[in-house]
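Here is what each chain is made of, one letter per residue.
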Amino acid sequence: MLAGMVALVTGLMWGSRNGVQYTLTLTVLKALPVLILGGFTSVPGAIVGGLIIDASEKLAEIYIPPVLQDLFGGNFGGIECWFPYVFAPLFLLVRPEGLFGEKHIDRV
């Protein structure tokens, strides 16, 4: 609860100083795939997850649109906006607890 209150006050102060814009939501929404990759309980995992998401965005922006354009034609720009949200669920299929998350073992 204390962390939530600190985040609220920080967000209010940052928003009043810098102004709140629509593009800020894109930055905030990028945190979800980062946390999914890193694991919700790990700060180092969040850092590594952020680096992986950023690198995969840029690689996808460079390599995927030419392939899709050759296959289907048309313009496939803007892939960096939605690629992390496709990459994160695919990653969850392989490793549901994240990179550095704790593995949960249920004993029967």
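Note that the structure is a prediction, hence the values are computed from the model and not measured. (Residues numbered from 1 in each chain as written. Predicted model: local features only at pLDDT ≥ 70, side-chain atom pairs only at ≥ 80, totals over all residues. Heavy atoms only, no water.)

### Describing the side chain of serine 56
- Relative to the assigned elements, serine 56 resides in helix H4 (residues 43-72).
- Those residues within four positions of serine 56 in sequence are excluded, and the remaining contacts are Phe83 and Phe87. (Helix = DSSP H or I, 4+ residues; strand = E, 2+ residues; numbered from the N terminus. Contact = heavy atoms within 4.5 Å.)

### Structural notes on the nonpolar core
- Counting six residues, the largest nonpolar core consists of Val34, Ile36, Leu37, Ile53, Ala88 and Phe91.
- Here the element with the most residues in this core is helix H3 (residues 31-38); it accounts for three residues.
- Ignoring sequence-local partners within four residues, the contact set of isoleucine 36 consists of Ala88, Leu92 and Gly98. (Core = buried A, V, L, I, M, F, W, Y, C linked by side-chain atoms within 4.5 Å. Buried < 20%, exposed > 50% of the residue type's maximum accessible area, 1.4 Å probe, protein only.)

### Quick word on helix H1 (residues 2-18)
- A rise of 1.5 Å per residue sets the reference length of H1, with its 17 residues, at 24 Å; its end C-alpha atoms lie 24 Å apart and thus fit the reference within 8%.
- Phi turns positive one or two residues past the end of H1, at glycine 19, with a value near 85°. (Expected span 1.5 Å × (residues − 1).)

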